Each structure stands twice: as C-alpha cells, then as structure tokens.
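Here's the letter readout for the chains.
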Amino acid sequence: MARLSNKVALVFGGGSAGGEINNGLATSIVYAQAGAKVVIVDVNEEAVTSGIARLQAECDIAGVPFEGTGFVGDVTSEESVASVVEQVIAHYGRIDILHNNVGIARMGGPIEMSLDEWEFVMRINLTSAFLTCKFVLPHMLEQGSGSIVNVSSIGGMRYIGYNYPSYSATKGAMIQFTTNLALQYARNGIRANCVAPGYIESPMMYKQISGNFNSVEEMVEARNALSPTGKMGDCFDVAYASLFLASDEAKYVNGVCLPVDGGLSQQSAPSI
C-alpha cells in the first residue's frame, strides 16, 4: 500500500523502550508501511533506538522498504522542538504529516495533586502540541499542504471513571486547539484532526493507570467490561484511524475528533 508514498511523517512520541507496541510506535509502523518516510521523536534515547529497530523489523516482515530516522527531543522545550524540526527539514526538505502522540496520565484532583504536577501534565500533554505546531506550521504553509493528527482521548470528551482531571482537561483542550488550527489554516491546504482513543490496551495503562485498581487483572477485566464491545481496543486501532486522517483519502476531513472507542462515547457514563 502506498497511501503515504513520498510523504514525510514526523511522530512526536513515536519511540518505545524495549520496542513494545504503544500508540505512537504502532502509528509509526502503519505510516511506514503505507509508504511514508517516518521520523520518530522521543525524550529517551533508548526509546528512539528501540523504536527504529522495531519499525525496521515490522517493515521487513511486511516486505516494505523502510526509510526514516529518529531524534531525541523534549517536547516541553522550545529549543529542543525547534532543533528537531530544523534537522528534519535539513534531511528531508519537508514535513507532510505532524503527529502529536505525547501524553501522560496522573491521578488526583485539585486536593491531591500539587500545582507543579498539574503544570507538568499541562506542559507535556498540551503545550507540547503548541510547540510542535509552532515550528512545523511555517514549513507546511510554505509547502501549501500538510496534515496534523493530534491524539486526544474519550477522557477529554466525558468522564470515564478515573480521577485524573488534569489529563481530561488537557485532552479536552487538545480537541478545541485542533479545531482552531483546522479552521485557521484550511485555506492554506493544511488539515488538523484528532483521534480520541477509548479503552485501549497499551503500555500506558499498565504503567500509569493500574494503581487505580487492586491488581492488573482487575484493571484488565474492568476495562474490558466497560467497553461496549466487551473488549478493549489495541494500539493499531488508533494507528489505522490516524492513517486515514493523515492520508489524502481524508482530504475533505478537517477539524474532526474521531473516537476510536467501540462506541463508548455514545453510551451512558460508567462508574468504576
């Protein structure tokens, strides 16, 4: 498949320590197998190295040539994001797809959470997208084309049973941030859309959400039960939705938030 042939995709949060499949790496794999030159960015050097190795391996298995690279970058640093974008432009001459996948979840409301931790979540989950757009958009404007795919969450659209208002606030803000980008730059050939994952079985849930339960097994059982399908989605469900929004097949799709949730957003609010 060559749905992204000759396109350069820049994926912030595309790495993975140990090469385990998360949303960012799954999306990078799908982009690469669709023909894109993929640049992954992660704050951890080992995550970049392992991510590239897994990308290459998955493309070899699929019989698809892989062209891409990775950079260590801190999405909370203006200087770091600017440097990464400059290096991508120097190497490839353009950026066709900007994918913002970076995000963390921290439990606790206003009483339990410190101001420093609240601001940390805001900076990683939301300010990061502001910074990547700040430095990528001028190149897309010069090209007269581009697709931005931001990862939000069903948790940014409604309550899903977890005490993480900082996460929900950032993911809700990401949706409106994306809408503003979509309308501001629509006449410049630039589209901006969101994907909003629901209950997805990903490394993040084991690392950042499992503490909300008595055991990992209880968490998995509860999340499966809360999905309308009776089973959580996986990272490639998020990746293929992103692929559609990034591709020219979605050339008239702009400013949408696409739920990837098995119908969760359409049913009554759960309680855990």
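Cut-offs and rules
Residues numbered from 1 in each chain as written. Predicted model: local features only at pLDDT ≥ 70, side-chain atom pairs only at ≥ 80, totals over all residues. Heavy atoms only, no water. Buried < 20%, exposed > 50% of the residue type's maximum accessible area, 1.4 Å probe, protein only. Helix = DSSP H or I, 4+ residues; strand = E, 2+ residues; numbered from the N terminus. Pairing = 2+ DSSP bridges. Right-handed = clockwise from strand over helix to strand, strands pointing away. Contact = heavy atoms within 4.5 Å. 1 Å grid on protein atoms, 1.4 Å probe; cavity = no way out; pocket = protein on both sides within 12 Å on 5 of 7 lines; lining within 4 Å. Points joined across faces, edges and corners; volume = space filled by probe spheres on them. Nonpolar A, V, L, I, M, F, W, Y, C, P; charged D, E, K, R; others polar. Salt bridge = Lys/Arg side-chain N within 4 Å of Asp/Glu carboxyl O. Polar contact = N/O pair within 3.5 Å; in protein donor to acceptor, adjacent residues only side chain to side chain.

(A) Local environment of the pairing of strand S6 (residues 190–197). For S6, a buried count of eight out of eight residues is recorded, marking the element as mostly surrounded by other parts of the structure. Two strands pair when backbone bridges link them, and strand S5 (residues 146–151) and S6 are joined in this way by six bridges, in the parallel orientation. Along S6, the bridge assignment pairs Asn 150 with Cys 194. Assessed by its sense of winding, the connection that carries the chain from S5 through helix H5 (residues 165–185) to S6 is right-handed. The pairing of S6 with strand S9 (residues 257–260) spans four bridges and is classified as parallel. For Ala 196, the partnering residue across the bridge sits in S9 and is Pro 259.

(B) Just the environment of Glu 78, in detail. Within the secondary structure, Glu 78 is located in helix H3 (residues 78–92). Separated by 59 residues in sequence, Glu 78 and Gly 19 have C-alpha atoms that sit 27 Å apart. Apart from the residues lying within four places of it in its own chain, the contact partners of Glu 78 are Leu 131, Lys 134 and Phe 135.

(C) Molecular detail of the layout of surface pockets. Considered as a void within the structure, the second largest pocket measures approximately 230 Å³ in volume. Lining the second largest pocket are 16 residues, and of these Ser 145, Gly 146, Gly 189, Arg 191 and Asp 248 lie nearest its centre. When contributions to the lining of the second largest pocket are tallied by element, the ones reaching two or more residues are S5 and S6. Of the residues belonging to the lining of the second largest pocket, the class tally is five nonpolar, five polar and six charged.

(D) A look at the pattern of salt bridges. Scanning all chains against the criterion turns up five salt bridges. In this structure, Arg 3 engages Glu 249 in a salt bridge whose closest nitrogen and oxygen atoms are separated by 2.7 Å. Taken together, the residues span a long stretch of sequence, with Arg 3 in the segment before strand S1 (8–12) and Glu 249 in the loop between helix H8 (235–246) and S9 at a distance of 246 residues. In this structure, Asp 96 and Arg 94 form a salt bridge, with 2.8 Å as the shortest nitrogen-oxygen distance. We classify Asp 96 as buried; its relative accessible area is 7%. Exposure remark for Arg 94: the relative accessible area of 30% places this residue in the partly exposed category.

(E) Highlighting the side chain of Asn 125. Structurally, Asn 125 can be placed in helix H4 (residues 115–143). Judged by its relative accessible area of 0%, Asn 125 is buried. Within polar-contact distance, the side chain of Asn 125 engages the side chain of Thr 170 at 3.1 Å. Sequence-distant contacts of Asn 125, that is, excluding residues within four places in its chain, are made with Val 102, Gly 103, Ile 104, Tyr 167, Thr 170, Lys 171 and Met 174.

Purely geometric stuff here, so don't read any function into it on its own.
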